[in-house]
Amino acid sequence: MTTRETKINLMGLSLPKMQAFFLELGEKPFRASQTLKWMHQRGVIDIDAMTDISKPLREKMKAVAEIRLPKITQEFRSVDGSCKWIVQVESGSSVEMVFIPEAGRGTLCISSQAGCILDCSFCATGKQGFNSNLTVAEIIGQLWWANEKLAGFGVKPAQEWSEDGKPAQNSRPVSNVVMMGMGEPLLNFDNVMDALTLMMEDQAYGLSKRRVTISTSGVVPAIDRLKDYTDASLAVSLHAPNDLLRNELVPINKKYPIKELLRSVSGYMDGLSDRRVPVIEYTLIAGVNDHRQHARELAQLLKDFPCKINLIPFNPFALSDYRRPSSTSISNFRQILHEAGYTVTVRTTRADDIGAACGQLVGEVGDNTRRSQRYRDAAEAQNEGSGKSGTAPEGTGKRFSKTDNLAVAVDRPAV
Ligand code: SAH
Ligand code: SF4
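Residues numbered from 1 in each chain as written. Chains lettered and ligands numbered in written order. Predicted model: local features only at pLDDT ≥ 70, side-chain atom pairs only at ≥ 80, totals over all residues.

Draft legend 1. Region of the structure containing the nonpolar core. In terms of nonpolar packing, the biggest core is built from 98 residues, with Leu108, Ile140, Leu143, Val177 and Met199 touching the most fellow members. With eight residues, the top contributor of residues to this core is helix H5 (residues 136-150). The two domains that each donate at least three residues to this core are domain 1 (8-66) and domain 2 (71-386). With near-sequence residues (within four places) excluded, Leu108 lies in contact with Met97, Phe99, Leu143, Ala146, Val174 and Val177. (Core = buried A, V, L, I, M, F, W, Y, C linked by C-beta atoms within 7 Å. Buried ≥ 20, exposed ≤ 12 C-beta atoms within 10 Å, placed from the backbone. Helix = DSSP H or I, 4+ residues; strand = E, 2+ residues; numbered from the N terminus. Domains from an automatic or database assignment. Contact = placed C-beta atoms within 7 Å.)

Shown next as structure tokens:
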């Protein structure tokens, strides 16, 4: 007999996998879209409530399958409408997701991993080490929960989303999804691809490919094969205009340097059926990569690379000595790129009453590596050395703890 542990989780099945599931049961493939609609459009997670499926078939389904979502353990709502949820996944870790409403769109920032192995020098998630890849159900489950928590399935929200002036098919609060939460999406490739498929599937969430964005630090072999799996939009975390500096900030650059990364991204963009450009993300860190010369070098580097540039002023967190540049440095940097002909946006911080910025999310990761402990030890040693035992390193605000996620700020996503 099938035990609970081995039961198939229908929440994690894309349309083709759901069709295969029903074929295996000896049923017609159209049952797959029926089931997807129940779960992802009507929010029904009780198989017995799927009333246009016969009782015998529902029994057959229940014998081998179930619908499991990750758990929401905490919710934070900002006065400006932004929300953050703590999501507990089956590995025991917690990750975070954030919803940011703006005029004309509502963006959900989703996590793909509990922790991240890549350890970019400016990122709080990386400092936590790594625990687990999120399952398809845990990734798409974040979107399911956001819909449920924000407006409820079936409740037509007041706000209508439109694209190119036409009413969108989807009028739910979440119009855009960015894979900019915890983790490197392309290191959890298969699960992220299936989850993206569900986000864009008409029988499920039906989001436009222009409104679903993968953000990557540059896993080149994965970008090279991306076009065979998805046509979602792409954001690239560049953060430096040359390899020497990028090696320091984004260690994966030592393996896949800038030239290879840009070549790979161009390959993906060229393969899309419509004209879209990637967003280049550049976290501005005072005295590290925010000099005018860096801006000029960046303008030069990208001169033959169609893109938009999103500047993200660094958000400080415990365990980091980096600082956010002054508003003058930020606007000078922007101005140089603007004059060089680029479309440049600067993310603005908001909703610091609930605190949550993409890339700053920490959740609670049961670290499988020794990294989080090493960072804590190093901070401790630094504090002792400076005679400031009990406080965080200079410029970082406070000591790293599981509640640090309450002390950061929501950023407006780039796309
Ligand atoms: N792993 C993926 C997606 C998650 S990080 C990636 O690296 O692209 C998403 C974004 O958060 C990154 O582009 C990075 O610029 C940003 N980020 C990380 N730490 C940050 C910080 N401390 N301040 C501002 N932005 C940060
Ligand atoms: Fe990982 Fe992205 Fe953070 Fe780098 S910035 S450590 S790739 S989550």
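From this point, the narrative continues.
Draft legend 2. Examining the environment of Leu57 more closely. Mapping Leu57 onto the fold places it in helix H3 (residues 55-64). The class of Leu57 is partly exposed, set by 15 C-beta atoms lying within 10 Å. Between the alpha carbons of Leu57 and Arg31 there is a distance of 9.9 Å; along the sequence they are 26 residues apart.

Draft legend 3. Focus on the sheet that holds strand E5 (residues 94-102). The mixed open sheet is built from ten strands, whose spatial order is E3-E4-E5-E6-E11-E12-E13-E14-E15-E16. Since the sheet does not close on itself, it has two edges, and those belong to strand E3 (71-77) and strand E16 (343-346), each with one partner. Strand-to-strand twist in this sheet, taken as the mean axis angle between neighbours without regard to direction, amounts to 20 degrees. Relative to strand E12 (residues 212-216), strand E11 (residues 176-179) runs parallel, the two sharing three bridges. The partner of Val178 across the bridge, within E12, is Thr213. Strand contacts of H5: E3, strand E4 (83-88), E5, strand E6 (105-109) and E11, with the helix running at about 50 degrees to E5, the strand carrying the most contacts. (Pairing = 2+ DSSP bridges. Axes fitted to C-alpha atoms, helices over the stretch in contact; angles between N-to-C directions.)

Draft legend 4. Main features of the site of ligand 2. In the neighbourhood of ligand 2, twelve residues make up the surrounding shell, with Cys116, Cys120, Cys123, Gly126 and Ser217 lying closest. Here the shell around ligand 2 is built from residues that sort into four nonpolar, six polar and two charged. (Near = placed C-beta within 6 Å. Nonpolar A, V, L, I, M, F, W, Y, C, P; charged D, E, K, R; others polar.)

Draft legend 5. Broad picture of the packing of helix H1 (residues 15-24) against helix H2 (residues 30-41). Packing of H1 against H2 brings their axes to within 8 Å, and their N-to-C directions diverge by 120 degrees. By the angle between their axes, H1 is oblique relative to H2. Between H1 and H2 the crossing geometry is right-handed. Contacts between H1 and H2 pair Leu15, Met18, Gln19 and Phe22 from the former with Arg31, Ala32, Ser33, Thr35 and Leu36 from the latter. For the contact of H1 with H2, the class distribution of residues is five nonpolar, three polar and one charged. (Parallel < 35°, antiparallel > 145°, perpendicular 65-115°, else oblique. Left-handed = near helix turned anticlockwise from the far one by under 90°.)

Don't take any of this as a statement about function, it's just geometry.
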